[in-house]
Every structure is written in C-alpha cells, then in structure tokens.
Amino acid sequence: MERRRCADAGGVKSGHWLGWPFWGRPGMFAVEVYAAVRRFVFLEGRSRREAARVFGLSRETVQKMCRFSLPPGYTRTLPISKPKLGALLPVIDAILEADRTAPVKQRHTAKRIFERLRDEQGFAGGYTVVKDYVRIGRARGRETFVPLSHPPGHAQVDFGEAVGVIGGVRQKLHFFCMDLPQSDACFVKAYPCETTEAFLDGHVAGFAFFGGVPLSILYDNLKIAVAKIAVAKICGDGKRLRTRAFTELVSHYLFADRFGRPGKGNDKGKVEGLVKYARANFMTPVPEAASLDALNAMLADCCRARQSDCAGRHAETIGERMAADRAVLRALPAVPLEPCEKRAGRVSSTSLVRYRGNDYSVPTIYGFRDVVVKGFVDQVVILCGGVVVARHKRAYGAGEFVADPLHYLALIEQKPNALDQAAALQGWDLPEVFQHLRHLLEARMGNRGKREFIQVLRLMEAMPQAIVTAAVTEAIRLGAIGFDAVKLIALARLERRPARLDLAAYPHLPRPAVRTTSAADYATLVPRVAA
C-alpha cells in the first residue's frame, strides 16, 4: 500500500517500479523509465533514495539516470582481449598487406586466412574471430577520396572495350569516350582497334560534336599519348615524353593536356564512369550494325538523347548545364586536323609497303622509292614526293596482303606470262565479258592476244570500270575484237560521241581507193551474148 500511495502521489503508475514492462529487452532500461525517474526526482523533488525504493532500482542506477537523459549504452574502456588470436595479428596484417599487390582473383579470403593460421601457425580459435578482424583490417586499408568540383569547359578522355556484331561478325570494339565533367555531357565513338589514329579521330569527332575545343583534357597514362614516363634525377617528378602525333594534336587545337597518376582511375572518375555507363546502356544488349559508321551514328544519337536526362543530384538536365561548357569552349580551327598516323616507309621489290604488319601495294614504277604512309581509321594512304600514289582500305589483321590489281598491270604487260599467277590479280572480280574477250583475242592472235588483253585491262587505270566493261561488250557485239576498237568505243562513251575510226592514226593499214560509180561499171555484170 505504501508503494502504491507513493507512486500515485508522484504521478507514476504502479507498474513503473515493477521494472521489466518498461524495458526494451530484459536487463535493459527503457527510455520511459528514464523519463519517469528523472520526473520523480527533478520535478517532484523526491530524493534519489526514495526513487530507488519506489522504482525498485539500485542507487547507482538512479544516479546514472539522473546524470544522463537517455540510456548512454555500454562504453568499452579496454580493447577486447584476444588470447588465442592476439599473437597472430601481425601475421594477418602481413597477409592483407601482401594482397594489395596480388592479382585481384588471387587474394586471400577470410576463410583462406583462417585455414593458413590453423595449418601453419597452429591456431586453435574459431573462424568468426578471424573473419571479424579481416573485415576491419580491409576496411582500414581502403582508400578514401575527396569530392571534386569541375569548372566549365574542361574534359576527360579514356577508352573502353565492348563486344559488337558488325556486318554479321562478332568482334571486340574499342570505344573512345570524351566527357565534360561539369555538365556530364558525353561523346562516344567505336573503333576496330585502340590505335593512334583512333585516338586522334576521336578527338576531332568529339570536338565537332560539342562544337568547340575544351580548355584542358585529362588523360590516363595511355601509351598512345605518352611515349614513356621518365623519372627526373634531380627533383624526382614524373616527366612525360609526348608522342609526335599527340603533340601535333595539342598544337593544332591548343588545349592544355593533363595526366592522372598511374593506376589511379579516380583521378578521372567522370570518364571512368562514362565508360561503364556507355557499355551498360548504349551497348547492352550487344549492338548489331551493318557497319561501324552505322554503329557510331547510333552512339551519337544516344549521346544526344542523354542530354535530356538529369545526372546525379542536379535538378537541371545535362543539356541545360552544357550551356556553361559551350560558353567557354574555344572555337574550332578553320581546318580540322588530319587524324592519321604518319610513318616513313620504303617500297619493296614487289611494289609493297608494310604498315602495322600488313603489306599494301603501290604502282610498280615506284619500286625501291621512299614513301610516307598515312594510316587512318578506315584507309591507308601512301605518298611519294608529296603525291598520293596509292589508297587502300585499312586492314586490321596480321600479315594481310592488300593490293590493287591496276598497280601491277604495267609490269605484267612487259611480262605477260605472269598474268595467270600474279597474286594481285587473284580474286579480281571482273565481269564475265572480260574473260570472253580474252578467249577471242588469244584464239585469233595467240600470245599477242594476251598482251592486247592486258592493254584492255590497263584502260581501267584511266577510265571507270563500268565504261570499259560497256566498251568490251560493244566491241564483241560488233565483232571488232582488239584493243584499238575497245579503246575507241570507251573514249567515245567517255566523251559522249559516236565512235569514229580515224585511219590516219593507223598508217600500217592499207588505204582503200573509193571512186564514184558509173553505169558502165555494171555492164561487166551482164553476160555477153555469143556472136
């Protein structure tokens, strides 16, 4: 009765002092008990001894409740003792430290560390204590980062890899990524290989896409851009030796180049994120296109469509924030840079020039000459004395033979017996009418007919194949089997006039004598009557 009277007088329900109904769990005091005790002592003016008696608590507990407004929780004053694992903590630390430089797929798991401690050190403890320490140790060794701000007008560049189906062939693609970190605007273009010319072409296309040149561009330590990193002996700073192609790019567009730390992708985290985003969104599922040009047109559309999205915590769209970037971009030069790699070369005895492991043909008159090879993404151009002498489709294989049959016809005319075995002519897809003409020429003239057939083929050095094909067809129809007739008909078609044969150009032919016919001439046809 006394306890009930005191509780009622203090405004505390009789159940408060029973203890456990107010605890969150058995053995723990609920916040309601703290509030009731503190109200009983501070507002109602009761003593702490009386509070301990009314609420059934010890005086130390009441003392703590008066000192803290909320349960303070348990505070450990000494670290947890590990009698079995303590002596082996340096061993675990050494394993975790060695894992920093080990391949990612060959690093220790907590289970593997436990097994090694058990087998090699005679550890008799449990797995859980090892797992808990490994988790804390790895978290302690992880790198933390500083949030960065990105002013308008600057860019980051990197390459990524993906798989695509181009022209029905499944192949690996290397895609160039340029990102404007301030607005998150992006540009992505795919290439067959990550080469110097792809690096240059990506910049030229990216600048045209954004409509200007960034003030600076941050790069990874690409071997394409940096020939090597040499450590200065005096100050110890890393000095980068740029390649000639990259120096020409910087000189043409006048942007500042910056490089991240080796192996630190977080230095250019924006473009690293763009590589993952483009692969997961632009190229998933595996893209299929008739050609790389069609795929790149699709990627450009994806980049434009993304400008209507909001990225990160920004309320404005990427396109709206991109206005700040465009306001400070430098104007594009009047003439874009020629995105190619230039290499010096020499023509071999077989009229071939080697570029990146593949052989490309040139006309035979340039044999043993020094040339300059320009490697573009889609073609290879060969110059001699500043004049373009050959132009081929780019080959990305190894040891490929890329030849133009027309380059060898002048030499084959001198060596007609090589006509059937010339490597450059193998697989030359000519209309069937050419083979018909050859049979007719050789049937009439023998070996001389083979030489005239080669001369007919050489007409395609100066005329389109369609015109020469039509001339051959017309010559066969007229029965004028010969090089001169085919040439005359082809020139007439080219000049849009009827074919006329001028005998003055052929003095070796007998000249006909044609006179006016008289009526008496027909008398010779009438049989004479015998006298």
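See above for the structure.
Definitions and limits used
Residues numbered from 1 in each chain as written. Predicted model: local features only at pLDDT ≥ 70, side-chain atom pairs only at ≥ 80, totals over all residues. Heavy atoms only, no water. Phe/Tyr/Trp six-rings, centres within 6.5 Å; stacked < 30°, edge-to-face > 60°. Buried < 20%, exposed > 50% of the residue type's maximum accessible area, 1.4 Å probe, protein only. Helix = DSSP H or I, 4+ residues; strand = E, 2+ residues; numbered from the N terminus. Lys NZ or Arg CZ within 6 Å of the ring centre and 35° of its normal. Polar contact = N/O pair within 3.5 Å; in protein donor to acceptor, adjacent residues only side chain to side chain. Contact = heavy atoms within 4.5 Å. Pairing = 2+ DSSP bridges. Axes fitted to C-alpha atoms, helices over the stretch in contact; angles between N-to-C directions.

Caption draft 1: Region of the structure containing the packing of aromatic side chains. For the coordinates displayed, the defined rule picks out 14 aromatic pairs. Between Phe-114 and Phe-123, the aromatic rings sit 6.3 Å apart at their centres with planes inclined by 90°, giving edge-to-face as the arrangement. Judged by its relative accessible area of 14%, Phe-114 is buried. With relative accessibility at 6%, the residue Phe-123 sits in the buried group. With 5.8 Å between their ring centres and 45° between their planes, Phe-199 and Tyr-219 make a pair best called tilted. With a gap of 20 residues between them, Phe-199 in helix H8 (residues 196-210) and Tyr-219 in strand S4 (residues 216-219) connect regions that are remote in the sequence. Overall, the relative accessible area of 1% leaves Phe-199 in the buried class. Site record: aromatic cluster; members linked through ring pairs are Phe-199, Tyr-219, Phe-246 and Phe-259. Over the ring of Tyr-277 we find Arg-306, and its NZ or CZ is 4.3 Å from the ring centre.

Caption draft 2: Representation of the side chain of Glu-197. Tracing the chain through its elements places Glu-197 in helix H8. Within the structure, the side chain of Glu-197 is placed 3.3 Å from the side chain of Thr-195, a separation counted as a polar contact. Reaching out from Glu-197, the side chain makes a polar contact with the side chain of Arg-394 at a distance of 2.5 Å. Setting aside residues up to four positions removed in sequence, Glu-197 forms contacts with Pro-339, Cys-340, Glu-341, Tyr-355, Arg-356, Gly-375, Phe-376, Val-377 and Arg-394.

Caption draft 3: Local environment of unusual backbone geometry. For the bond from Thr-284 to Pro-285, the omega torsion is 0°, close enough to zero to count as cis. Structurally, Pro-285 can be placed in the loop between helix H10 (269-282) and strand S8 (288-289). Located in the positive-phi region is Arg-356, a residue other than glycine, with phi close to 50°. Tracing the backbone shows Arg-356 in the loop between strand S10 (352-355) and strand S11 (358-361). Judged by relative accessible area, which is 32%, Arg-356 ranks as partly exposed. The backbone phi angle of Phe-368 is positive, close to 65°, even though this residue is not glycine. Secondary-structure assignment places Phe-368 in the loop between S11 and strand S12 (370-375).

Caption draft 4: Local environment of the sheet that holds strand S13 (residues 379-384). Overall, antiparallel pairing links the four strands, which are arranged S9-S12-S13-S14 in an open sheet. The outermost strands of the open sheet, each flanked by one partner alone, are strand S9 (341-346) and strand S14 (387-393). Put simply, the sheet's adjacent strands are angled 25° from each other on average, direction ignored. For S12 and S13, the ladder comprises four bridges, and the chain directions are antiparallel. Across the sheet, residue Val-372 finds its bridge partner in S13, namely Leu-383.

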